[in-house]
Amino acid sequence: MVHRTARVALRVTPGQRRRCFGLLRSAGDVWACVLEVNGWRRRRRDAPLVGYQELCRELSVSGPGTFGELDSTGARSVLRRFSDAWFAAAKCRKDGDVSARFPRRRRGLMPVRWYHGTFTLNGHRIRVPCAKGAAPLWVRLARELPYPVEQVRSVTLLCEGGRLFLDVTAEVPVATYAAGEGPDPARVAGADLGIIHPYAVAGPDGAGLLVSGRAIRAEHRMHLADTKARRRAVARRAPKPGQRGSRRWRQYRRRARQVEGRHRRRVRQAQHEAARKVVSWAVRQRVGVLRVGDPRGVLDLDAGRRHNLRLRQWQIGRCLQVLTDKAVLAGITVHLVDERGTSSTCPACRRRVPKPRGRTLSCPHCHFTGHRDLVAAATIATRTPGGGTTTPTPPVVVPGVVTHRRAGRHLPGAGQSRRDPRRPPAARGSVGPRRPAPPPRGESLAQKARIHNPHRTPGER
């Protein structure tokens with residue numbers, strides 16, 4: 001059994017929306033209260049309250065009704081989040097990562113989680129727990145749950161881009177297959193992560209898969225251009241530092257949050273689509289072990305303003321997590337291996353070659369040519385988890401039959417027309433505006449004079 005999480009939007013009335021945001025604000029108050037208590041203890045040179053049991057005892061002393069309609073279960077979920085964040089930061093700092101920071105930032109809205117037995121699911125409706133004495137809060141789901149009700153283990157109320165969502169976590173069994181059709185542990189495939197191709201997979205028997213992520217890259221680029229244009233348009237009427245914004249400015253900020261949330265949802269869905277295509281292909285190839293190159297080491301390198309932005313938009317950790325979750329659910333084992341040098345090593349003669357600018361890798365020593373990402377994936381498939389880049393490897397089998405797939409077909413401009421509606425009209429055409437025909441021979445090329453008075457003829461006074 002594995003745990004899976006699905007995000008479902010909520011359809012609420014104005015009153016229900018006000019109460020849901022009240023719960024999120026009360027959760028933010030609990031977070032701020034913990035920060036205040038630890039701040040007082042830090043100034044008195046006392047040990048901070050970071051253990052979950054200690055924080056729960058402090059919560060019980062505060063008494064009922066302290067945090068509005070938020071019940072004790074929802075408040076304890078905030079305390080659990082704080083305790084986990086504090087101990088995770090302490091572990092990172094103990095391991096030598098001085099950049100890790102303890103949770104000391106206030107948050108206006110905090111997600112609230114309720115576990116099995118504290119909420120009620122009835123079709124498209126869910127009853128959100130509230131404090132004792134408050135009216136019952138029933139909200140409607142925008143779609144059906146993707147899991148059976150008896151498998152749901154927890155729900156989390158959160159806000160993203162001004163919209164209310166519910167993260168539903170369920171316990172799902174691992175997929176089962178007929179005899180001779182399931183994943184074979186002896187069949188190993190390698191996966192190389194990238195920006196242009198989120199996943200390039202080299203499997204056994206010379207099979208390969210390329211998932212194109214150009215639509216995701218275009219979504220990032222067009223969203224950035226649209227954000228810059230909107231900021232330039234409102235720069236003059238932006239409030240000064242320390243000045244309260246007008247109603248028009250608050251509406252603009254609300255719209256900006258909505259657009260940002262929609263962009264994140266589009267990219268997240270495209271990442272899930274790409275990982276689903278990889279796992280589906282691996283199941284058809286009966287791949288039992290998937291070795292994935294871990295490129296997170298490039299995040300420590302400063303490659304300039306533009307490339308740093310590309311790396312931040314890449315979201316390597318999310319791609320690895322999404323692929324691992326779907327592979328485990330399908331019964332495929334995932335191992336992370338070192339990917340250093342896989343895109344610049346010839347698989348035939350094992351020599352270093354110059355890194356190509358395009359997608360084709362050409363070896364000047366043995367004249368081998370092949371797709372750069374597939375060559376890297378084939379080399380990754382031969383590496384062992386925990387081994388270095390100089391570990392002797394078996395012969396590399398470069399895929400000969402490649403399957404091409406595209407991620408993000410739902411994104412604007414990724415359909416049949418291949419045109420993004422956010423592009424200006426002048427930039428939509430590839431050939432530009434049609435030029436007028438050349439004038440007859442002997443005719444002047446000067447523009448004709450305008451006649452503002454249509455009742456007069458040229459030359460008339």
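Above this text you will find the structure in question.
What this report covers is the structure whose coordinates are included nearby. Given the structure is predicted, the values throughout are model-derived calculations rather than measurements.

So, about the overall build of the protein. Scanning the protein from terminus to terminus reveals eight helices and 15 strands. Across the 461 residues in the protein, those meeting the buried criterion constitute 39%. Summed over all atoms, the accessible surface of the protein reaches about 28,200 Å², with 50% contributed by carbon and sulfur.

Here the focus is the packing of helix H2 (residues 52–62) against helix H3 (residues 72–94). Interhelical geometry of H2 versus H3 gives an angle of 145° and a closest axis separation of 9 Å. Regarding H2 and H3, the two cross each other, and that crossing is right-handed. Residues Tyr52, Leu55, Cys56 and Leu59 of H2 form the contact with H3, whose participating residues are Ser72, Ala75, Arg76, Leu79, Arg80, Phe82 and Ser83.

Another aspect to go through is the sheet that holds strand E3 (residues 120–122). Read across the open sheet, the seven strands follow the order E2-E6-E7-E1-E5-E4-E3; overall the sheet is antiparallel. Lying at the two open borders of the sheet, with one neighbouring strand each, are strand E2 (112–115) and E3. Neighbouring strand axes in the sheet, compared pairwise and without regard to direction, differ in orientation by 30° on average. Strand direction decides the pairing type here: strand E6 (residues 152–160) and strand E7 (residues 163–172), joined by eight bridges, are antiparallel. In the sheet register, leucine 158 faces E7, and the bridge partner there is phenylalanine 165. Here helix H5 (residues 247–284) sits on the sheet in contact with strand E1 (2–11), E6 and E7, set at roughly 140° to E6.

Evaluated as defined, the whole model comprises four aromatic pairs. Measuring from ring centre to ring centre gives 5.4 Å for tryptophan 86 and phenylalanine 87, while their planes differ by 80°; the resulting arrangement is edge-to-face. Ring geometry for tryptophan 249 versus tyrosine 252: centroids 5.1 Å apart, planes at 40°, classification tilted. Of the two residues, tryptophan 249 and tyrosine 252 both sit in helix H5, three residues apart, roughly one turn of that helix. A residue is classified by how much of its surface remains accessible, and tyrosine 252, at 14% relative accessible area, is buried. Directly above the aromatic system of tyrosine 52 lies the positively charged group of arginine 80, at a separation of 3.9 Å from the ring centroid.

A word on the sheet that holds strand E8 (residues 184–193). In a beta sheet, neighbouring strands are held together by backbone hydrogen bonds and run either parallel or antiparallel to one another. Spatially, the six strands line up as an open sheet ordered E12-E11-E8-E9-E10-E15, and their pairing is mixed. Only two strands of the sheet have a single partner each, and these edge strands are strand E12 (333–338) and strand E15 (401–406). Sheet twist, expressed as the mean angle between neighbouring strand axes with direction ignored, is 25°. In the sheet, E8 pairs with strand E11 (residues 287–294) via five bridges, with the strands oriented parallel. Directly across from alanine 191, in E11, lies its bridge partner valine 292. Of the strands in this sheet, strand E9 (199–202), strand E10 (207–212), E11 and E15 touch H5, which is tilted by about 170° from E10. Most of the contacts of helix H7 (residues 316–329) go to E11, to which it runs at about 170°, and overall it touches E8, E9, E11 and E12.

This brings us to the side chain of asparagine 38. Locating asparagine 38 in the fold gives a position in helix H1 (residues 14–43). The buried category is assigned to asparagine 38, whose relative accessible area is 7%. When near neighbours in sequence (up to four residues on either side) are disregarded, asparagine 38 contacts Pro48, Leu49 and Phe82.

About the thresholds
Residues numbered from 1 in each chain as written. Predicted model: local features only at pLDDT ≥ 70, side-chain atom pairs only at ≥ 80, totals over all residues. Heavy atoms only, no water. Helix = DSSP H or I, 4+ residues; strand = E, 2+ residues; numbered from the N terminus. Buried < 20%, exposed > 50% of the residue type's maximum accessible area, 1.4 Å probe, protein only. Areas by Shrake-Rupley, 256 points an atom, 1.4 Å probe, with all protein chains shown as cover. Axes fitted to C-alpha atoms, helices over the stretch in contact; angles between N-to-C directions. Left-handed = near helix turned anticlockwise from the far one by under 90°. Contact = heavy atoms within 4.5 Å. Pairing = 2+ DSSP bridges. Phe/Tyr/Trp six-rings, centres within 6.5 Å; stacked < 30°, edge-to-face > 60°. Lys NZ or Arg CZ within 6 Å of the ring centre and 35° of its normal.

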